[in-house]
Structures are given as structure tokens and as C-alpha cells.
Amino acid sequence: MKMFRSRSWFGGGWGRPKNPHSLEHLKYLYNVLSRNQTVSEHNRELLVETLRSIAEILIWGDQNDSSVFDFFLEKNMLSFFLRIMRQRSGGSNYVCVQLLQTLNILFENIRNETSLYYLLSNNHVNSIIVHKFDFSNEEVMAYYISFLKTLSLKLNAHTIHFFYNEHTNDFPLYTEAIKFFNHPETMVRIAVRTLTLNVYKVDDASMLAFIRDRTAAPYFSNIAWFIGKHIQELDMCVRNEADHHSQNRLADLVAEHLDHLHYINDILCLNITDLNHVLTDHLLHKLLIPLYIYSLASHRRKSSLPEGVNQAVAKILSKTLSRPDSPRLQDPLSGRVSCVVALFLLSQVFLILSHSPLVQSLAWIILKTDSTVLDKGVNKLLEHYESEKKLLEDSMNNEASAVNFTSKEALLEDLRNITDEEKEKLAKNPSENVAMHKPFLETVYSALDCSENDYGALFALCLLYAMANNKGITSDVIEQVLKPKKSFMSKCSSKDIKYSYNVYLVEKLLLIISLACQPTCRIRLVTLEISLKLLLHLVICDGKNILLEPHRAVIETAKSQSMTLLRNFYKSEEIFLDMFEHEYCDMSKSSLNVEWLCMDSAILLPPAGTPLTGIDFIKRLPCGESEKARRAIRLYFLMRNTVLTLSGEMETQLPLTNPQSCVQIEQALDLNNSDLIACTVLYKDGMKMRRFLVIDVLQLILVEPDNKRLGWGVAKLVGFLQDIEVTGDKDDSRCLHITIHRPISGATTNRVPLLSAKFLFDDNIRCMAAKQRLTKGRLKARQKKMQHIARLLEIPGQSGPPSPAFTGQGLYTCRATGRNLRENRQLFTASRAPGFAAPKRESSPGVLHRADESRRHRDGDSPHRLSNLRKELNPSPSSNNVKKETRSREASSSRTKSREGSPKMPRPRSEEIPLELIKKASHSIIDMAPKINILPRPQSAKTESEPCASGLINDNAQSKESGVLKETTTISEETSFIGDRQSDKKSEEREAV
């Protein structure tokens, strides 16, 4: 019997309770631990399973049975855990991993505070924390740091006393965790940062005093040292990876620096005064000023390129580095980083950190530090800042000092109101007059030079933008440099306000904008966009544009240059229209986010000119004609938006398609007297639907009859004509394969079809008619949008009202304003023919009969057919009466002669005059106004004498009565095909004359 009992203690299974979630099962597991207190290769699997089961039962007991925890504490089972961890026998690491995992699961899932207090009592947890684990084992390290992080999540004003011993002045949870701040594993570093933040959040004065007095100074000093070492490595990576061969390492280094800054910002945002003071002091003295800011001025002490700099970087910056006031790369052994890296890192600092004492000090040092204080060291520099800050505060509190301060400011305003001759003298050396020998500000200004490239200018712009928009910097620091200044002309009245801004910086920005609008510039779109953002920030105050007239003229000139550049890409290819709409959608989705921009490590490398690098289009130079066209389009949009913002106007011409004027799904339409084509839509999944096809100026509409009203229909599918593809079916002449693409959106370049189906018509005649209308409708919709673009670009010969693509005019002139999707409205008006169908003749005699006659002439391909039409449309004052008497005779005679002399061949359908140009009014005429000829270069419509250019002459009867008709006409695009026969008809023209 003893043998059987002993086997049950070792897990033989005979004495194991059937219910795993019970107090009896916990007692059974306790007996197993009691019999196996020494870890060996034979029982380690049993111990691991026992520990896992204990955690499971304790979590169940926390929610269901409190006696489970009573037994756990009564038997002091945590002591078994400690005894197992302290063993160095074989397999101890294997068991320690399971033990740490068990503790982690246990503390993570316990919800009852009483149970938590039970577990934390007896100080066993602190003993586990300080245990010397084998951290060379990755699993032990991972579970240990995860266990510490889980414990930190349980910290509050009550549980803090289980971890921090005020009598012994000991806090093992915190002191052991911060040892791993710079651990090679990213997960471990993140866990340590999370743990420290959880500790700082606990409102316990004695604990915070312990951290401030015992750990804050060494810990924050180590943080500054680690970050400094890290950015030295980042700077070296920028030097060696200028060829874009390996961007992953650089991306990891930039991400790590961002993590450091966000961690510092999280600490500062807790608003713990003592900790913030210690942290700010260490950052300023040991990191930000000596390494970040002093790197901006270190180029003044060197005159040659450092050794080991990548040749690509040296080639790009060789010309700018030769100037004494330009940024340069520095030797990493000198304790400095390159100027571009310093600008990039400072931009991240001002974009992330907002603690006022810290960013205020940095901004003042960059913008206002004099060269006389530069060489005296960091301590003297900060002392100078504190003294200036104190003087400013005293002057603001002292009324007399305030008067003197105002007089000085008035004197400075008077110095700005100088004559043109004095401005020319100051313009000879503007850097010295504006920056006033401020070394750091001079470096930032000199980096704005884009004569060769915008490599350094982008980072300087990011830094200026970040300082201008940092909430922690007060206006008195950035006023007149990065913010417009208001001054009252009279102390008694606040109505007379005078605005002023940094003219020198604005002129620098305007130069970048002007260069960006040149065809051969090497300025990226992102540099232009951030320049425009900074410009608007500098010259708009209280919602008013305070830009001076000469500077406004520069902006207008730049916009004109962007339009001229885009005109060179105005082509007849369909891709231009698609690119134009896609770029507008993409830009209207969201504007440039400078903080996201500074998170991209790719901008640290020299500007690339190929998409093979994987860099976003706006962050690199264009490659090929297609990308140059995209850049020109985006350039035009940026300049147009800037001009509209400065003038306070709203955009009224873009996008090209006005969504408010389009038919929506489930909208009720009046289809009375409309041209409808019945069809059956065959979907790929086998579903069939009977629909009626309606073709609008812009849209293809599939409708079904409205059951409530006769002659009305409900739109079931709507697509734009410009986005359709129509192909015939080789096997069935009654079928068309129609694909309707979704409207262009900037979200993705992959346009999933809105509909791809087979359309079955009643007969082949209706199928041919539908194909012709869809093809011509697609062409006309695209032409109208191209005309709209031509008007936006002010291409000569494109004046006139906006196209229906934007205004929603054309066939849809009656639009309801209700919000209901099934709102009622007329689809077609009485003065227009529906779609491309022929109107009813009994309601429109006169002009429609003449149009039919001209079509008959064209059917016969007669040389006299359009001369009669032109004579009817453009009657001379002296022959009006004669034409009225002989109109019917001329028409009939010309019809007869046209049919006799014409070849017997079918005419092309593309030569039809569109009937939507014909009005139903009895005295209306056909609109033969010239349409845009879309060419690679913009050209105005040709106007030539009719006998020479068009080859159109009157018939014999007209020639005898009126002689040779010598009038100048403008050839329509619809009839210009006749001019191809000019050479064959010259002899006929001479005989007719």
C-alpha cells in the first residue's frame, strides 16, 4: 500500500483528483512540489507541468473560490518557487522559464485586490526580483522583464509599499529594471521605459524623493549618454549609406531616436517638477546643446571635407561646403555630427517635445545667441540665457523699463522703414544685418540655399516650421523671426495696427519657390510644400494677408511659371487627364504632415532621382517624362492653393467633376420623351437584370421603371463615361462587353471596376447604336474636361464658360436640391435632345430639316453639302431676302446633285454632326463654334479663307446667282475631315469659279 501511495505523490495518476479546478487538486499539486524540491533531469517535466497547473487553479480560485488562496498562503507555496530558482542543478533554467511564465500569468490575470495582497505579502516577490537569473538565456531574460512590467502595472498608492521599502530605502522593482535601459533587445528596452513611466505615475512623495535623490541623476545622465552615442552612430550611417544601398539600418536608428524623444516627452508630460528639472538640466548640459546645437556652428572652425566621408555626399555638397557660411559634414571623432543630421534631429526635438523650459531655452539659443558667447561653453551660454530671461521679466514688470522697451522697438520699426537706397546698401550683406552675427541662425539661413540642390534646405525648413508651431515656445522668443509682429501706432487706440514680418526669411522662401517653378530645378515637391506652409505662417496674421506688394508679385510670377510649365505637358493622350484628376484627389485627401515627414529616414540620404529606391514621389526628384508631368501638376496645385489662400478666396473650379451635379444611385429621373435603350445585363455570376440604358453628358445610367409614376425611372447604377471600356462580342452581334471603372481616388492606384458585365440588346441595330453613343460620349466627356483644364491654364483660344463637367449643365439643367436619394427631377429639358438621339421632327420644323438635309449631303459625300449649310448659317446682310426666297429650291437642288455625284459607299459614323448641338427653337442655328484641338503644344484654332483651307464651294446654281463666296470661317472639329480632300477638288473649284 505504501508503494501505491508513493506513486500517487509523484503523479502516477492514481491519487489525482478528477476535477482540475478544485481545492483538492491544489492540495495534490502541493504534495507533488513537496516530494520534488530538488530539480533534476528526471523530474523537471513534472515540475513544469505542476507550476502551470498551480497558476491555472489560482486564477480560477481568484474568481470562484477564496479557499484556494487561503491554502496557497497557508502552505507558503511561494517559498517553493524561491527554492527551485536558487538551485544550480541541471535543468534549472528550464524550470525557471516556466516559473517566471507562471508568475507573469498569475499577476496578469488576478483581479481581486485581496488575492493580490496575499501574493505580494511576505516579501517573496521582491526576493524573486533580485534573484540572479542567468540573463544570457534569451527566454529567461524575456520572461523576467515581462514579469517586472506586469508588476509595474499593478502599482498604485496602496501596492507601492509592497515594493518600495521606506525604512531600508530600497526599491528593487525600479532599480533592477533600469539596469536594462540600453539592452540590445528592443523589446527589453521598451519594457523598461513602460515600467519607469508606471512608477513615475504613482503619487507617493517618499518614493519620488527616493528616485530624485538616489537614481534620477545617474539614470538621466545615462539616458543622455546613450542617446548621444546613438546619434553618433546614426551620423556615421548617413555618411556611409549615401548610395541608398542599405536603408534598413538607418531606418532602425531613426526609429530608435524617435523612441527616445517620445520617452523623454512622456516623462516631461507627467509634470513632476523635481524630475523634470533634473531631466531638463541633463539634456541641456550633456546632449542637446553640446551635441545638437553646437554642431550647427562647428563648420565655422573647419575649411575642408573630413576624411572618410562618402564620395556621393562629398560630390553633392562640394560646392556648398566651399562657402564659409554653409553647412558641412564633420568628423565624428570631434564630438559633433554633420550639419544636416543636426538640423534633422533638432526638427524632431521641436516636433515632439513641448516642455516649455526646455524648448524655450533651445529656441532662444538658436535664434538669439550672439557669436561672442559661443566660444565660452555650454554653462556660460545657459547663464547668459538665464540673465537675459531675468532682464526681460524685470522689464515687463517695471513700467519705466516697459516704456524704454517700447521706444527701442519703435526705433527698430523706424529702421525697417528705410529708403530704397538704404535697402540696397543693406542688401550687399543681408546675412550680417538680419542675423546680426548669430552663428546658429546664420547656419540655418545659409542651409536654405537651393542653387545646387535642396538637401540641406529641407531640414532647415523643417526646423523653422517646428519651432514656429511648437506650443511650448512663447511668442516673445520667435516674434519677428518666425512669427509676424503687431505694433500699435497709438497707445490710446487699438485700431491702428502695424504688421511686420521677417523680410529676409520671406525672401529666402520666395527664392526657393521661384526656383521650384523652373523647368530644370532640383527642388523636391516636399521642400516646396513646406516652404509654402512656412510662408503662409509668416505673412498671415489675424486672418489678414500682410505680404508686401513686391513679394506678392513674386508669388504671382511663380504661379504663372507653374502654369507655363504645365502647359508643356498638356497633351491629347488620355493619361494626362487621368493624372490630373488622380493628383488632385491625392493632394486633397491630406496635406503634408511635417512630423510624419521627419520620421522618414530616407530624407537623410542625398536626393534620389529614381523610383527604384522605394522613396515616395514627393520626397525625390522626378524620373522620366511621366513623373515630370506629375510634378508639374502638383506644382500647379500648390501654387494655385497658395495664391487663393493669400487672397482669401475659395476654390471654385476644382475638382473637374462636381459631385453635387451628378446623378446618384436610387435617384428618381423623369424619362418622358427620352431616348432609352432596353438591354439585359448579364453578370459574371450568372445573374440577369433587365435595365434601360441612358447616356448623359458625363454619365452612363442604368435605370429601371418607377412603379409609382409612368415615364419615370430609378437609377440603379451610375458610372462616368470617361471611365468606361466598350468592346464588341465576336460571337453575338447583339452583345457588348462594358467595363465601368470606379472614379479616380487618391487612396489607391488600383481601380477596381464598378461593373464588368455583358450587355445583351434586342437586336444588332440597337447594339451598334449603344456602342456608338458610348464611344462618342466617352470622347466628348474627356474633351470637355480637357477644355476645362485648358481654361484653368489660360491656354490661348480656350475662353468661354465653364464646362458642364464642373457646372453640371448640359442635359441636366433642372436639378432638385432635396437630400432624399429618390428625389424627383427631370432628366432632360425641352430645349435639348435627350442623349445623342434625334429629336421629334413634328415639333421642330426649320433648323432640324436643314440639319437633316446636310446629313443627306454628307451621306452622298458631295463637295457642295457644307457650303449650303454655311450659307444658311452665316447669311450676309445683302443676300438675306434672296436666301429666304430660294432656301427650299437650293436645298432640293443640292440634295439631287449631291446624290447624283456622290459615290455609293457608306459614310463613317464618326463624321456625324452631334445632334445635341442642335436646338429645337424655330429661329435657332447650329452651333459651329470651334472646339479645342488637343495637341502636344497648345494652339489656337485655325481661321482660314474657305476656298483655300476647307475646300468647300457652292454648287453651280449658287455660283451663278451669287458668284464666288469669299468668307472667312472657322473649321469645326466635327467637319474638318472634309479638308483632307482639298487636293482632289482644286480643279473643280477653278472650273466653278
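In this text the structure is predicted, and so the values were computed from the model without any measurement.

Trainee: I'd like a description of the overall build of the chain, backed by residues and values.
Mentor: A tally of regular secondary structure across the chain gives 40 helices and 15 strands. The contacts in the chain between residues at least 6 apart in sequence include a share of 71% that link residues at least 24 apart. Accessible area of the chain: about 48100 Å², with a carbon and sulfur share of 51%.

Trainee: Quick rundown of helix α32 (residues 624-647)? Include the residues and the values.
Mentor: Look at α32: 35 Å from first C-alpha to last across 24 residues, which is about the 34 Å you get at 1.5 Å a residue. Phi turns positive, to about 75°, at Gly 648, one or two residues after α32.

Trainee: How would you summarise the packing of helix α2 (residues 23-35) against helix α5 (residues 78-85) if you had to cite specific residues and measurements?
Mentor: Here α2 crosses α5 at 35°, and the two axes come no closer than 11 Å. Once α2 is placed against α5, the crossing between them reads as left-handed. Note on element contacts: α5 touches α2 through Phe 80, Phe 81 and Ile 84, opposite Tyr 30, Leu 33 and Ser 34. Grouping the constituent residues of the contact of α2 with α5 by class yields five nonpolar, one polar and no charged.

Trainee: How would you sum up the packing of aromatic side chains? Please name residues and give values.
Mentor: The tally for this structure, following the rule as stated, stands at 32 aromatic pairs. We note Arg 83 situated over the ring of Phe 80; from NZ or CZ to the ring centre the distance is 5.2 Å. Geometry around Phe 617 places Arg 630 over its ring, the cationic atom sitting 4.0 Å from the centre.

Trainee: Help me get a handle on α2, residues and values and all.
Mentor: Its 13 residues give α2 an end-to-end C-alpha distance of 19 Å, which sits within 8% of 18 Å, the value for a rise of 1.5 Å per residue. Along α2, the residues classified as buried are Leu 23, His 25, Leu 26, Tyr 28, Leu 29, Tyr 30, Val 32 and Leu 33.

Trainee: How would you explain the confidence of the model for the chain if you had to name every residue and give the values?
Mentor: Residues of the chain with pLDDT of at least 70 account for 68%, and the chain-wide mean is 76. Across residues 399-418, where pLDDT falls below 50, the model places 11 contacts with residues more than four positions away in sequence or in other chains. Within the model, pLDDT remains below 50 along residues 809-993, and this stretch shows 278 contacts once partners closer than five positions in the same chain are excluded.

Trainee: Give me the side chain of Thr 527: which residues, what numbers.
Mentor: Considering the arrangement of structural elements, one finds Thr 527 in helix α28 (residues 525-539). Using a relative accessible area of 0% as the deciding quantity, one classes Thr 527 as buried. Once residues within four sequence positions are removed from consideration, Thr 527 is found in contact with Asp 454, Leu 458, Leu 461 and Ile 512.

Trainee: How would you explain the side chain of Lys 619 if you had to name every residue and give the values?
Mentor: Here Lys 619 is to be found in the loop between α31 (594-597) and α32. Using a relative accessible area of 11% as the deciding quantity, one classes Lys 619 as buried. For Lys 619, the residues in contact, after removing those within four places along its chain, are Arg 524, Val 526, Leu 597, Asp 600 and Ile 603.

Trainee: An account of the pattern of salt bridges is needed here, citing residue identities and associated values.
Mentor: Summed over all chains, the structure comprises 30 salt bridges. The closest approach of N and O atoms between Asp 542 and Lys 486, which form a salt bridge, is 3.2 Å. Of this pair, Asp 542 sits in the loop between β3 (540-541) and β4 (544-545) while Lys 486 is found in strand β1 (residues 485-488), placing the two residues 56 residues apart along the sequence. Given a relative accessible area of 49%, Asp 542 falls into the partly exposed group. Using a relative accessible area of 36% as the deciding quantity, one classes Lys 486 as partly exposed. Among the charged side chains, a network of salt bridges with common partners joins Glu 583, Asp 586, Arg 630 and Arg 634.

Trainee: Which residues make up the state of the cysteines, and what values go with them?
Mentor: In the structure shown here, the tally under the stated rule is zero disulfides. For the unlinked cysteine Cys 462, the closest cysteine sulfur is that of Cys 598, found at 3.9 Å. For Cys 462, a relative accessible area of 1% corresponds to the buried category.

Trainee: For unusual backbone geometry, give the residues involved together with the corresponding values.
Mentor: Peptide bonds are trans in most cases, and residues, glycine excluded, mostly fall at negative phi. Geometrically, the link from Leu 654 to Pro 655 is a cis peptide bond, its omega value of 5° lying close to zero. Take Pro 655: it is sitting in the loop between α32 and β5 (668-670). Phi is positive for Gln 480, close to 75°, though the residue is something other than glycine. By the secondary structure assignment, Gln 480 is in the loop between α26 (475-478) and β1. With a relative accessible area of 15%, Gln 480 lands in the buried category. The phi torsion at Glu 794 lies on the positive side, around 55°, for a residue other than glycine. Considering the arrangement of structural elements, one finds Glu 794 in the loop between α33 (764-792) and α34 (804-807).

Trainee: Which residues make up the environment of Val 130, and what values do they have?
Mentor: Positionally, Val 130 belongs in the loop between α8 (124-129) and α9 (138-153). Taking the C-alpha atoms as reference, Val 130 lies 9.6 Å from Thr 175; in sequence the two are 45 residues apart. Leave out the neighbours within four places in its chain, and Val 130 touches Pro 172 and Glu 176.

Trainee: Tell me about the pairing of strand β10 (residues 724-728), residues and numbers included.
Mentor: Sheet topology places β10 next to strand β11 (residues 735-741); five bridges connect them, and they run antiparallel. Counterpart to Ile 724 in the pairing with β11 is Ile 740. Here β10 folds back onto β11 in antiparallel fashion, the turn holding six residues.

Trainee: For the packing of helix α29 (residues 549-567) against α32, give the residues involved together with the corresponding values.
Mentor: Between α29 and α32, whose axes approach to 9 Å, the crossing angle comes to 150°. Here α29 lies roughly antiparallel to α32, going by the angle between them. Pair α29 / α32 crosses with left-handed handedness. Across from Ile 555, Glu 556, Ala 558, Lys 559, Ser 562, Met 563, Leu 565 and Leu 566 in α29, the residues of α32 making contact are Arg 631, Ala 632, Ile 633, Leu 635, Tyr 636, Met 639, Arg 640, Val 643 and Leu 646.

Trainee: Please give an account of the environment of Lys 771 that cites residues and values.
Mentor: Here Lys 771 lies in helix α33. In sequence terms Lys 771 and Cys 735 are 36 residues apart; their C-alpha atoms lie 9.7 Å from each other. Contacts of Lys 771, omitting those with residues within four sequence positions, involve Val 726, Gly 728 and Leu 736.

Trainee: Any details on the environment of Pro 622? Residues and values, ideally.
Mentor: Secondary-structure assignment places Pro 622 in the loop between α31 and α32. Between the C-alpha atoms of Pro 622 and Leu 525, which are 97 residues apart in sequence, the distance is 9.5 Å.

What counts and how
- Residues numbered from 1 in each chain as written.
- Predicted model: local features only at pLDDT ≥ 70, side-chain atom pairs only at ≥ 80, totals over all residues.
- Heavy atoms only, no water.
- Helix = DSSP H or I, 4+ residues; strand = E, 2+ residues; numbered from the N terminus.
- Contact = heavy atoms within 4.5 Å.
- Areas by Shrake-Rupley, 256 points an atom, 1.4 Å probe, with all protein chains shown as cover.
- Expected span 1.5 Å × (residues − 1).
- Axes fitted to C-alpha atoms, helices over the stretch in contact; angles between N-to-C directions.
- Left-handed = near helix turned anticlockwise from the far one by under 90°.
- Nonpolar A, V, L, I, M, F, W, Y, C, P; charged D, E, K, R; others polar.
- Phe/Tyr/Trp six-rings, centres within 6.5 Å; stacked < 30°, edge-to-face > 60°.
- Lys NZ or Arg CZ within 6 Å of the ring centre and 35° of its normal.
- Buried < 20%, exposed > 50% of the residue type's maximum accessible area, 1.4 Å probe, protein only.
- pLDDT = per-residue confidence, 0-100.
- Salt bridge = Lys/Arg side-chain N within 4 Å of Asp/Glu carboxyl O.
- Disulfide = S-S within 2.5 Å.
- Pairing = 2+ DSSP bridges.
- Parallel < 35°, antiparallel > 145°, perpendicular 65-115°, else oblique.

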